[in-house]
Structures are given as structure tokens and as C-alpha cells.
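# Results of the structural survey
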Amino acid sequence: MARILLTGGAGYIGSHTCVALHEAGHEAVILDDFSNADESVVERIGRIIGAPPPVVNGSILDGEAVRRAFAEHAIDGVIHFAAFKAVGESVANPLAYFENNIAGSIALARAMREAQVWPLVFSSTATVYGEPDAFPIPETAPTGYTSPYAFTKITVEQILAQAAAADPFVIGALRYFNPVGAHESALIGEDPRGIPDNLMPYMAKVAMGELEQLSVFGDDYDTPDGTGLRDYIHVMDLAEAHVLSMNALLEGRAHTLNIGTGIPTSVLQMHEAYSRAVGRELPMRVVPRRPGDVPRLDADPARALEVLGFEAKRDLDAMCRDSWRWVRAQAAGWRLNDPS
Ligand SMILES: NC(=O)c1ccc[n+]([C@@H]2O[C@H](COP(=O)([O-])OP(=O)(O)OC[C@H]3O[C@@H](n4cnc5c(N)ncnc54)[C@H](O)[C@@H]3O)[C@@H](O)[C@H]2O)c1
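Predicted model, so just to flag it, every value in this text is computed and none were measured.

Moving on to unusual backbone geometry. Following F135, the chain continues to P136 via a peptide bond in cis, the omega torsion being -10 degrees. Along the chain, P136 turns up in the loop between β5 (119-125) and α6 (148-166). Even without being a glycine, Q116 presents a positive backbone phi close to 55 degrees. Among the structural elements, Q116 can be located in the loop between α5 (94-115) and β5. Its identity is not glycine, yet A186 carries a phi of approximately 65 degrees, on the positive side. By the secondary structure assignment, A186 is in the loop between β7 (178-180) and α7 (199-207).

Next up, the structure:
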């Protein structure tokens, strides 16, 4: 058993990782400022794992709060989710992103150094590959960035690599592809504020009747059906990858890995699968391409299998079914454990 501090542990991926850590016999402690999470998530995690995890309510930028987390709990390692993540917002307000994502990570690493806690899983992203031209994308592909958000992620990866050259940090940088879905209990899931940027939460709102129809941004890409290809991964598979990553770090094995399924799925295929989960054809229309979208983004997942033994288990239908179940339970105030 290890006790793991999860910065941003109340968020979408963090809350599912709390559950996966528990299932693997570890303990999670959450450090979150609740800037993008509902406080009720802690109690809902508790309903899944038997008791709510301990929470330190504070920002990674607040040295006092982070020191308190290390002082009050005997922490063995850290999984660092806390960040701002909206690409468009990062273009409008880059300094806020540099502050929270880069300065926040430096403050966290400094506190870890003080506490002599060295294993650190960092939430990176497939957007560090910029505009890739060879697929599926291996970790050895050149990195780049097309937004301040992606810049913060590649910068923090590099900062941590240099910190690990000077101190005994053991870093696991996980480059996530497209996390979707929800825990199958329907007690936790993604809770995007406003109009979602991402396909599945958008479709969920169309299915709930909150948005009129799905806009498909471009059907003239050089892909089999003309729409964009992404590598969707069930959030519980992603959460389980974090457990394997932390286990490897606790054994001293650092890594930088893609976390995806390796299966490219088009917008039209996703629309079809989600419609199947809902039980009716969701309305959609094709509109012009959205600036900044790349035609294709899918992982070569071979290294994660080799290094961590990680392989995603849940398929596209499970992703859609769990998302839809969560969205309905959420609308019913999380009272519904199994509305199907
Ligand atoms: N969801 C995705 O599609 C995706 C893809 C690639 C990478 N990522 C990265 O994964 C991580 C988790 O993403 P998510 O989807 O769970 O996002 P999320 O917004 O649901 O979770 C982030 C959590 O961090 C908290 N937080 C933000 N700033 C903080 C601060 N200064 N101090 C303490 N807590 C703070 C928020 O309240 C929230 O609970 C992020 O680093 C994100 O950039 C996400």
C-alpha cells in the first residue's frame, strides 16, 4: 500500500484515479482548490470506495497548503492533475495558464523536494505533438505546440526532466489522448461548464436536449469518412494507467508514455456509437472546419504496454454507455446508480 497525493484529485480524471488507486490497494489524498470541481464529488467518491478520501482544500500555488498536505499525511508519491485545460481560454489568457500550470508545477516540485517525496506522475497530453505528420504517433515523434495550453505541458515535462537530473525525482509523464466516459456507477464523470469543446460531452448535451444538434467540423479531411480521427480512451482505463505508472515510479522506473487505445475513431463513428447508446439517431449537421483542429491524433500505445503492461480494456460502446448513464444520473442529482 502506498499513500498518493492527487493534486486536482477532485477533477474529472483525478476522481476516477482515486477509485482506481483504492481498487489497487493504495490510498488517495486529494489536494484541490475546487476551481473546476464540485465539492460533492468527494462524498460521491466515498460512495464508490466506502469512505471519502481525505481532502486538503487549497491551491498548488499556495506553499502553505501543499506543505500541510505533506505534513498531515505520510505521502509516498504524487499524481499531478491540477491545471487549467481549456485550449481556447489559454489563447485568450496565456498568463493565467503559465501561472497555474507552470508556476504551480514548480511550486509543487519544490514542496516535494522539501518533503523528500520523489515519485511524480504528470498529466501531459497528446497536444505536445503539435501538428504530427506520421501515425500512429510514437513517443519519439517531434514535440511542438499550437496553443499556450500545450506550451505549458511540454514546458513542465522539460522542467521536470531537468529537476530529475539534479534531484532524485522519478517522473512519469503520461501523454493522454482523448479521455471520455465515466465510472460505471454513474456517481462520477466529466462536468464541463458552459458549452463543451469536446465531442462526447457535446453529444451528451444534444442527447439531453440541451443543445439542438451536433456540429461536425469538416467532412473533407483526408480520412476514410472525411471527418477528424481521434483516439478516445475510457477514463477508467486512463485512471488504471496512473496506478501502473505510480507503481513503476515507486520501483524507480521513470517513463514518458502515450496513453491511448491506438484505435482511431472518426466523428461520424462516434456519433453512430453514441446514438446507439442513447437508442435514437442524434441530430447532426456538417459545418466548416474549425481553425486549429488537426485531421488525426492517435497513439502508438506499444511502449505503455511494454513499460507498464498497460492496455486499454474498454471499447467505444462502453465509453458511450457510461457517459450516457452518467449524464442522466447527473441530471437526476446523482441519485440514480443504474438508470439503464
Ligand atoms: N480531460 C482531457 O481531455 C485531458 C487531456 C489531456 C490532458 N489533460 C490534463 O489532465 C489533467 C486533469 O484533467 P481533467 O480533465 O481531470 O481536468 P479537471 O479540470 O476536471 O481537473 C483539474 C482539477 O484541478 C483543480 N485545480 C486547478 N487548478 C488548481 C490549483 N492551482 N490548485 C489545486 N487544484 C487546482 C480543479 O479544481 C480540478 O478539480 C489536467 O492537467 C489536464 O491538463 C486532460
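To continue, consider the UniProt feature "domain: NAD-dependent epimerase/dehydratase" (unreviewed entry) in the chain. Under the present numbering, the feature "domain: NAD-dependent epimerase/dehydratase" (unreviewed entry) in UniProt falls on residues 4-260. Taken end to end, residues 4-260 is 40% helix and 19% strand, and its two terminal C-alpha atoms sit 23 Å from one another.

Looking now at the nonpolar core. Ranked by internal contacts, the top residues of the largest apolar core, which has 40 residues, are L6, I45, I79 and I259. Within the residue set of this core, elements represented by two or more residues are β1 (3-7), α1 (12-23), β2 (27-32), α2 (40-49), β6 (170-176), α8 (235-250), β11 (255-259) and α10 (302-308). If one sorts the elements of this core by residue count, α8 sits on top with 9 residues.

Taking 1.5 Å of rise per residue, 12 residues should cover 16 Å, and helix α9 (residues 267-278) covers 16 Å from first to last C-alpha, within 8% of that figure. Looking only at α9, the buried set comprises V267, M270, H271, A273, Y274, S275 and V278. At its buried positions, α9 is contacted by α7, β8 (214-217), β10 (232-234), β12 (265-266), β13 (284-287) and α11 (316-331). Note on α9: the residue one or two positions beyond its end, G279, has a positive phi of about 95 degrees.

When two helices pack together, their arrangement is captured by the angle between the axes and the distance separating the axes. α11 packs onto α7 with a crossing angle of 55 degrees between their chain directions and a minimal axis gap of 10 Å. When the axis of α7 is compared with that of α11, the two are oblique. In the crossing of α7 with α11, the sense of the turn from one axis to the other is right-handed. Contact residues: M200, A204 and A207 in α7; M319, C320, S323, W324 and V327 in α11. Within the contact of α7 with α11, the residues separate by chemical class into 7 nonpolar, 1 polar and no charged.

Surrounding the ligand, one finds 26 residues, the nearest of these being N36, F81, K85, N100 and Y149. A distance of 3.1 Å separates a nitrogen atom of the ligand from a polar atom in the side chain of S59. Taken together, the elements giving at least two residues each to the shell around the ligand come down to α1, β5 and α6. Counted by class, the shell around the ligand contains 12 nonpolar, 10 polar and 4 charged residues.

Among the 5 residues of β1, 4 are classified as buried, and the element is accordingly described as predominantly covered. Since β1 and β2 lie parallel, the crossover through α1 that links them has a hand, and here it is right-handed. When β1 meets strand β4 (residues 77-80), the two strands line up parallel, connected through 4 bridges. Directly across from T7, in β4, lies its bridge partner H80.

Attention now moves to the sheet that holds strand β14 (residues 296-297). Strand order in the open sheet made by the 3 strands is β12-β9-β14, with mixed pairing throughout. Every interior strand has two partners, whereas the edge strands, β12 and β14, have only one. Judged from the 2 bridges that link them, strand β9 (residues 229-230) and β14 form a sheet pairing that is parallel. Bridging from a neighbouring strand, L229 pairs with R296 of β14.

Within the fold, K313 resides in the loop between α10 and α11. Expressed as a C-alpha distance, the spacing of K313 and M236, which sit 77 residues apart in the sequence, is 9.3 Å. Every residue in contact with K313, bar those within four places of it in the chain, is listed here: D237 and E240. At 3.2 Å, the side chain of K313 and the side chain of E240 are in polar contact.

The residue G260 is located in the loop between β11 and β12 in this model. Classification of G260 by relative accessible area gives buried; the value is 3%.

Further remarks concern the side chain of T223. Looking at where T223 falls in the secondary structure, it is placed in the loop between β8 and β9. Under the relative-accessibility criterion, T223 is labelled buried at 12%. Excluding residues that lie within four positions of it along the chain, T223 makes contacts with L229 and P295.

Turning to the packing of aromatic side chains, a few remarks are in order. If you walk through the whole model with that rule in mind, you get 4 aromatic pairs. Ring centres 4.9 Å apart and planes at 90 degrees place the aromatic pair W118 and F169 in the edge-to-face group. Of the two residues, W118 is situated in the loop between α5 and β5 and F169 in the loop between α6 and β6; the sequence distance between them amounts to 51 residues. Each of the two residues, W118 as well as F169, counts as buried.

Parameters and conventions
Residues numbered from 1 in each chain as written. Predicted model: local features only at pLDDT ≥ 70, side-chain atom pairs only at ≥ 80, totals over all residues. Heavy atoms only, no water. Helix = DSSP H or I, 4+ residues; strand = E, 2+ residues; numbered from the N terminus. UniProt positions renumbered as here; feature names shortened; annotations may be inferred. Core = buried A, V, L, I, M, F, W, Y, C linked by side-chain atoms within 4.5 Å. Buried < 20%, exposed > 50% of the residue type's maximum accessible area, 1.4 Å probe, protein only. Expected span 1.5 Å × (residues − 1). Contact = heavy atoms within 4.5 Å. Axes fitted to C-alpha atoms, helices over the stretch in contact; angles between N-to-C directions. Parallel < 35°, antiparallel > 145°, perpendicular 65-115°, else oblique. Left-handed = near helix turned anticlockwise from the far one by under 90°. Nonpolar A, V, L, I, M, F, W, Y, C, P; charged D, E, K, R; others polar. Near = heavy atom within 4 Å. Polar contact = N/O pair within 3.5 Å; in protein donor to acceptor, adjacent residues only side chain to side chain. Right-handed = clockwise from strand over helix to strand, strands pointing away. Pairing = 2+ DSSP bridges. Phe/Tyr/Trp six-rings, centres within 6.5 Å; stacked < 30°, edge-to-face > 60°.

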